[in-house]
Amino acid sequence: MNMMDSQEILTSSEPVRVGFIPLIDCAPFVIAKEKGFFFNEGVDVQLSKEASWSSVRDKVAFNLLDGAHMLASMPIAASLGIGTIKAAMQTSFTVSHNGNGITVGNALYEQLLPLSESSADIRSGVALKRLIERRGAQAVPFRFAIVYPYSSHNYQLRDWFDRAGIDPDKDVQIIVIPPTQMMDYLKQGEIDGYCVGEPWNSLAVEQGIGHMLVTGYEIWGSTPEKVFGVNSVWAKKNQAVHMAMIRALDKACVWVDAPENQTELLQILSHPDYLNCTPEQLIYGFSSIKPKGQFDWPMEAYQRFSGQEVNKPLPNYALWVMAQMYRWQQLAKVSSLNAVAEQVYCQDLYDQALGHEMVKEEPWKLSSLQESQWLDAVSTGKIQLHPEGILKGFEFRDV
Amino acid sequence: MSAPPNKELTVMLVDNEPARAAIVEQAMRDSGYRVIRRLENAKNLTEAVTECQPDMVIIDIESPDRDMLENMSRLTKDNPRPIVMFAEEDDSRHVEAAIRAGVSAYVVDGVQSGSVKALLQVAIARFREFQALRSELETVKSQLEDRKLIDKAKGLIMKHQQCDEPAAYKALRKLAMDRSQRMTDVARNIISVMELMGDRK
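The sections below set out a description of the structure shown in this document. The written sequence of each chain sets the order in which its residues are numbered from 1. All chains are assigned letters beginning with A, and all ligands numbers beginning with 1, in the order in which they are written. At least 70 in pLDDT is required for a residue's local features to be given in this predicted model, at least 80 for side-chain atom pairs to be given and counted, and no such filter applies to totals for whole chains, interfaces and linings, which use all residues.

**Brief notes about helix 2 (residues 27–34) of chain A**
For step 1, the next point in the chain: Burial is judged by counting the other C-beta atoms within 10 Å of a residue's own C-beta: 20 or more makes it buried, 12 or fewer makes it exposed, and any count in between marks it as partly exposed, with every C-beta position built from the backbone. Only DSSP runs of H or I reaching four residues or more are called helices, and only runs of E reaching two or more are called strands; each is numbered from the N terminus. Counted residue by residue, helix 2 of chain A has seven buried out of eight residues, so it is predominantly covered.
For step 2, the next point in the chain: Inspection of helix 2 of chain A places Ala27, Pro28, Phe29, Val30, Ile31, Ala32 and Lys33 of chain A among the buried residues, and these make up the whole buried set.

**Observations regarding the pairing of strand 6 (residues 142–146) of chain A**
Residues and elements named next belong to chain A.
For step 1, the next point in the chain: A large share of strand 6 lies buried, amounting to four of its five residues.
For step 2, the next point in the chain: Pairing of strand 6 with strand 7 (residues 172–176) involves five bridges; the strand directions are parallel. The residue of strand 7 that forms the bridge with isoleucine 146 is valine 176.
For step 3, the next point in the chain: With the strands pointing away from the viewer, any crossover whose connection runs clockwise from the first strand over the helix to the second is right-handed. In this fold, the crossover linking strand 6 to strand 7 by way of helix 9 (residues 152–163) has right-handed handedness. Two strands make a pair as long as DSSP finds a minimum of two bridges between them.

**Here we look at the sheet that holds strand 2 (residues 45–49) of chain A**
Residues and elements named next belong to chain A.
For step 1, the next point in the chain: A sheet is described by the order of its strands in space; here five strands give the open sequence 2-1-3-10-4, paired in mixed fashion. This sheet does not close on itself; its edge strands, each paired only once, are strand 2 and strand 4 (89–97). Between one strand axis and the next, the sheet turns by 30° as a mean value, whatever way the strands run.
For step 2, the next point in the chain: The sheet contact formed by strand 1 (residues 16–20) and strand 2 spans five bridges and is parallel. Across the sheet, valine 18 pairs through a bridge with leucine 47, a residue of strand 2.
For step 3, the next point in the chain: Sitting on the sheet, helix 2 is in contact with strand 1, strand 2, strand 3 (67–71) and strand 4, with an inclination near 140° to strand 2. Angles run from 0 to 180 degrees between N-to-C directions of axes, and those axes are lines fitted to C-alpha atoms, restricted for helices to the stretch in contact. Note that contacts rest on C-beta atoms placed from the backbone: two residues are in contact if these are within 7 Å.

**Examining the packing of helix 6 (residues 113–161) of chain B against helix 7 (residues 165–179) of chain B**
Residue and element names in this part refer to chain B.
For step 1, the next point in the chain: Two elements in contact, helix 6 and helix 7, have axes separated by 9 Å at closest approach and are oriented at 110°. The angle between helix 6 and helix 7 falls in the class roughly perpendicular. Two packed elements cross with a definite hand, and for helix 6 against helix 7 that hand is right-handed. Contact with helix 6, carried on its side by Ile150, Ala153, Lys154, Ile157 and Met158, involves Glu165, Ala168, Tyr169, Ala171 and Leu172 of helix 7 and no other residues of that element.
For step 2, the next point in the chain: Looking at the contact of helix 6 with helix 7 residue by residue, the class counts come to eight nonpolar, no polar and two charged. Here roughly perpendicular refers to angles of 65 to 115 degrees, roughly parallel to angles under 35, roughly antiparallel to angles over 145, and oblique to all remaining angles. A crossing counts as left-handed when the near helix is turned anticlockwise from the far one by less than a right angle, and as right-handed when that turn is clockwise. Gly falls in the polar group here, along with every residue not listed as nonpolar (Ala, Val, Leu, Ile, Met, Phe, Trp, Tyr, Cys, Pro) or charged (Asp, Glu, Lys, Arg).

**Description of the packing of helix 18 (residues 315–327) of chain A against helix 19 (residues 337–344) of chain A**
Residue and element names in this part refer to chain A.
For step 1, the next point in the chain: Running from amino to carboxyl end, helix 18 crosses helix 19 at an angle of 125°, the nearest separation of the two axes being 8 Å. In terms of orientation, helix 18 and helix 19 fall into the oblique class. Regarding helix 18 and helix 19, the two cross each other, and that crossing is right-handed. Contact residues: helix 18 offers Pro315, Ala318, Leu319 and Met322, while helix 19 offers Leu337, Val340, Ala341, Glu342 and Val344.
For step 2, the next point in the chain: Of the residues in the contact of helix 18 with helix 19, the class split is eight nonpolar, no polar and one charged.

**Focus on the interface of chain A and chain B**
For step 1, the next point in the chain: Facing the 22 residues of chain A at the interface are 22 residues of chain B.
For step 2, the next point in the chain: Contributions of two or more residues to the side of chain A that touches chain B are made by helix 4 (53–61) and strand 7 of chain A.
For step 3, the next point in the chain: When residues in the side of chain A that touches chain B are grouped by element, the largest group, six residues, is from helix 4 of chain A.

Below, the structure is given as structure tokens:
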């Protein structure tokens, strides 16, 4: 990339309006702006702090924003018109993997202890299953919170329940609560547990409000969490700017992951324009330090921002997410799964932006027979994620 | 047979801005709608919706509690769903206008789209009006603050340079022009430098 090209983009394009939710994984957007990575690529980006995922979705759909920090499932839901007007959105850059966890309040945890022979029983949900059976069908179901219906949090929590033999729609109640309010709800006993990203699991442990049971990594392996999602109409018209932004975010992700930048990172993120908190509150989101009393996180479970494994969009993850949407009755049948996955999780632009060699083969694509059986096969467990996650693909089992 | 405007449409209003909520509620009542519940915070938003069964929920687009409503459409069929779901190709203008005005809405299935649009118009108008009032207030406030800053800087220059007010103003203005900065920014810089020097003494 030479200066001429950058200058050309800068002078010929409108500022790009990018929404973000003040969570730790908006870091690459904030850093790309504050440390000049967007500027160096010749792009003028206006960051806009948003209050809810629904508003992000509506504003991108109706062109009040060009793109945003999005949950990895959001562009899929919007493109399929699930829970919203059908509005084509796409991503060519995954911002982060992992960081989720399931935490339960102290009261529920105390009830789980006598029903478990080992800590494995608690972490697998087996103790919770025993408790639910013991209480009987008349009892008020335990309430668990997620941050958004179309999210890894919802699907991972449901999968965790399901594996323990708990019906997520009948045996428990799942509600939506904004992440910043999760701990208050748990503290006041309005909910019994939640599935949310860091630092809300570690902070609950640190403050003695709850016990963390399991990380998202242990449920699904390494999992795409947030993406840079854009309106597809915008993407079509602004390819050069889009690619410049991918390069800037790529650099910002490397910066965010570098341990020597951590102090500065927390300083910038905690600013009132961004997360509006103290740097100390953010430490659990980034470092390997975890509060006392919390079980050891597997190293792979930490949030990761940089590297091709993380950043390159994975169309097979879109296939997986569509099957989760179908499994939990958010989505009716979709026939053109390959086409949707390819359109929404667009790999070409990522490779092109970063000057990688374009790969012609598309090993992730389903054969037409697989495509016709996919949704049901995943829903019934005949197809599962590889234990190490989507990066390794799927496992076909005879059930 | 053309139906009369649906006066029985029930509305729930969620807004943490009490002044605006009051204006919007009054306007809705004046137009013949029934506001059955007004919530300032959404602590028990989902319960309130289940309990009151409103035909429509109007909520500030900047409310972080909005996502709580997104899950409800799945729980039972009778619950309100995001209005963007009802925006058809040729008819998305009023939804876009709502989003721009900061209004988001959730509607139950089966409510006449004409009534929804009419009610949305009322909310949009009042939200806009409130926004205009607020920005006007903010402009006046910041103008006042600017004046104060400039006066203070002028005073300091007069004292330091032993000059009169027009001369101090001229110096301030020249500095702003030379540096292509706003007068208030220059004034702020002068004040902090002078205060720093004052402290040293």
